[in-house]
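Descriptive structure summary
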Amino acid sequence: MSKNRLELLPAIDVKAGRAVRLVQGELSQESQYGAPLDVARDFVSKAAEWIHLVDLDAAFGIGSNFELLRDVIASVDIKVEMSGGIRDDESLNRALSTGCTRVNLGTAAIEDPEWTGKVISQHGPRIAVGLDVRGHTLAARGWTREGGDLFEMIAKLDSYGCTRYIVTDVAKDGTLTGPNLQLLREVCAATNTPVVASGGVSTLQDLIDLRDLTPIGIEGAIVGKALYTGAFTLEEALEIAGK
């Protein structure tokens with residue numbers, strides 16, 4: 001195995017208690033894929049090392065699936081990255097109490113970077129920051145609002161000691177049109193912090209392309225719709241990621 005190993009994070013997005021996938025973050029464009037716990041156990045059975053677990057209702061501010069996400073985390077013996085609606089001390093502490101490996105902050109980082117800096121200093125690598133992007137403009141509140149310049153935010157978060165970024169091209173998410181490799185290169189050029197790529201992965205070649213970016217700072221890739229639609233299997237993806 002070469003040192004160019006890509007961490008693979010199969011995604012489970014939860015809405016109203018079900019595992020779903022959206023297209024470009026649109027709640028109206030939703031496909032359902034069953035019980036989140038069943039999906040998680042299936043990923044575990046196929047040797048996944050991570051799960052990217054998202055509470056979409058919390059992210060959009062229309063509800064919560066916290067108890068369900070907590071049960072999923074408690075039921076699987078692998079690393080879990082938890083995301084969605086984590087915007088203050090109460091929601092952060094509740095998320096961390098689940099035993100997840102790390103949490104992903106999105107809107108909070110954009111709207112209150114000082115708070116984000118505080119919790120990064122307190123929790124270090126258990127805090128990742130999700131940078132959801134249209135062009136070079138950040139998107140907030142479930143992608144419904146603009147949140148400023150991507151590179152200005154990276155500079156600010158770097159100054160706080162952020163240990164990981166999760167970069168999503170909103171236009172690519174759920175579209176199966178390939179990741180935005182140019183955007184990822186630009187982000188890696190702007191920071192020495194590891195980057196997890198999210199959005200658009202549709203083929204095994206996409207994973208090869210992302211793995212080839214590991215020397216410049218791409219650490220991992222979140223994969224969702226391609227797995228659910230059968231574009232490739234998790235076993236195939238893990239083999240590519242680990243070569």
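Rules behind the numbers
Residues numbered from 1 in each chain as written. Predicted model: local features only at pLDDT ≥ 70, side-chain atom pairs only at ≥ 80, totals over all residues. Heavy atoms only, no water. UniProt positions renumbered as here; feature names shortened; annotations may be inferred. Phe/Tyr/Trp six-rings, centres within 6.5 Å; stacked < 30°, edge-to-face > 60°. Helix = DSSP H or I, 4+ residues; strand = E, 2+ residues; numbered from the N terminus. Buried < 20%, exposed > 50% of the residue type's maximum accessible area, 1.4 Å probe, protein only. Lys NZ or Arg CZ within 6 Å of the ring centre and 35° of its normal. Pairing = 2+ DSSP bridges. Right-handed = clockwise from strand over helix to strand, strands pointing away.

What UniProt states about the protein under its Pathway (unreviewed entry) heading is, verbatim, "Amino-acid biosynthesis; L-histidine biosynthesis; L-histidine from 5-phospho-alpha-D-ribose 1-diphosphate: step 4/9." In its Sequence similarities (unreviewed entry) section, UniProt records this for the protein: "Belongs to the HisA/HisF family."

1. Regarding the packing of aromatic side chains
Under the definition given, this model contains two aromatic pairs. Summarising the aromatic geometry, the rings of Phe-43 and Tyr-228 are spaced 6.2 Å apart at their centres and angled 70° between planes, so their arrangement reads as edge-to-face. In this pair, Phe-43 sits in helix α1 (residues 36-45) while Tyr-228 sits in helix α10 (residues 225-228), placing the two residues 185 residues apart along the sequence. In this pair, the class of Phe-43 matches that of Tyr-228, namely buried. Three or more aromatic residues joined by ring pairs form one cluster here, namely Tyr-33, Phe-43 and Tyr-228. Of note, Arg-94 hangs over the ring of Phe-66, and the distance from its end group to the ring centre comes to 4.1 Å.

2. A few points about the pairing of strand β5 (residues 79-83)
Within a regular beta strand, the side chains point alternately toward one face of the sheet and then the other, so they alternate between its two faces. Most of β5 sits inside the fold, with four of its five residues counted as buried. As paired strands, β5 and strand β6 (residues 102-105) are joined by three bridges and run parallel to one another. Bridged to Glu-81 within β6 is Arg-102. Running through helix α4 (residues 89-96), the crossover from β5 to the neighbouring parallel element β6 is right-handed.

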